[in-house]
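Chain by chain, the residues run as shown.
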Amino acid sequence: MFSLTVRRHFMIAHSLPREAFGPAQGLHGATFVAEVAFRRRALNDDAIVLDIGAAGTIIEEVLAGLNYRNLDEHPDFKDKLSTTEALAEYVAQQVAARIKDTNDGPELAGIEVTLRENPDAWATYSLDLTA
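Residues numbered from 1 in each chain as written. Predicted model: local features only at pLDDT ≥ 70, side-chain atom pairs only at ≥ 80, totals over all residues. Heavy atoms only, no water.

Here's the deal with the packing of aromatic side chains
Centre-to-centre distance and the angle between the planes together describe a pair of aromatic rings.
In step 1: For the structure on display, the rule yields 2 aromatic pairs.
In step 2: Where F10 meets F32, the ring centres are 5.4 Å apart and the plane angle is 25°; that geometry is what we call stacked. Here the residue F10 occupies a position in strand 1 (residues 2-14), and F32 occupies one in strand 2 (residues 28-40), the gap between them amounting to 22 residues. Comparing F10 with F32 shows no difference in burial state: the two are buried.
In step 3: With a centroid separation of 4.9 Å and an interplanar angle of 50°, the aromatic rings of F77 and Y90 are classed as tilted. Remark: Y90 occurs in helix 2 (residues 84-99) and F77 occurs in the loop between strand 3 (69-70) and helix 2; sequence separation between them is 13 residues.
In step 4: Taking relative accessible area as the criterion, Y90 reaches 15% and is therefore assigned buried.
In step 5: The ring of W122 carries the charged tip of R116 above its face, separated from the ring centre by 4.4 Å. (Phe/Tyr/Trp six-rings, centres within 6.5 Å; stacked < 30°, edge-to-face > 60°. Helix = DSSP H or I, 4+ residues; strand = E, 2+ residues; numbered from the N terminus. Buried < 20%, exposed > 50% of the residue type's maximum accessible area, 1.4 Å probe, protein only. Lys NZ or Arg CZ within 6 Å of the ring centre and 35° of its normal.)

See below:
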């Protein structure tokens with residue numbers, strides 16, 4: 001299995017209004033480094049997983065909908081907790097929706113999104129694209 005990982009960052013505001021989240025119950029900001037890995041069983045005719053620039057553009061489009069936003073007011077998170085894990089799943093689903101119709105999209109076996117809040121804490125969501 002081959003993989004290509006592209007990294008970008010984004011900043012959000014949100015609250016996690018449950019006792020389990022302690023001080024994060026209140027509105028606060030977070031800066032995430034998003035690492036999106038694209039997995040493929042065999043390289044394409046150009047001997048790549050997919051074009052790095054195209055992958056970066058798709059990731060930037062997805063993150064633009066989150067960057068500098070208060071997720072408490074974001075329609076896609078209405079009545080949902082915007083935990084790091086939930087955000088990783090959301091980013092993976094959004095990237096998958098955008099990449100499926102590209103030349104290399106149908107050949108991808110999976111997408112893995114890792115969101116790093118700091119060097120010591122991160123969450124990952126793996127999305128299997130094989131049907």
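Remarks on helix 2
In step 1: In this model, helix 2 (16 residues) spans 22 Å end to end at C-alpha, consistent with the 22 Å of a helix rising 1.5 Å per residue.
In step 2: Within helix 2, the full set of buried residues consists of T84, L87, A88, Y90, V91, A92, V95, A96 and I99.
In step 3: For helix 2, the secondary structure elements touched by its buried residues are strand 2, helix 1 (52-64), strand 4 (108-118) and strand 5 (121-128). (Expected span 1.5 Å × (residues − 1). Contact = heavy atoms within 4.5 Å.)

Let's talk about the sheet that holds strand 5
In step 1: Spatial ordering of the open sheet is given by 3-1-2-4-5, a layout of 5 strands whose pairing is mixed. In this open sheet, the two strands that pair with only one neighbour each are strand 3 and strand 5.
In step 2: Both strand 4 and strand 5 contribute to a ladder of 8 bridges, which runs antiparallel. In the sheet register, N118 faces strand 5, and the bridge partner there is A121.
In step 3: Sitting on the sheet, helix 1 is in contact with strand 1 and strand 2, with an inclination near 20° to strand 1.
In step 4: Packed onto the sheet, helix 2 meets strand 2, strand 4 and strand 5 and runs at close to 145° relative to strand 4. (Pairing = 2+ DSSP bridges. Axes fitted to C-alpha atoms, helices over the stretch in contact; angles between N-to-C directions.)

Limitation: the analysis is restricted to geometry and does not speak to function.
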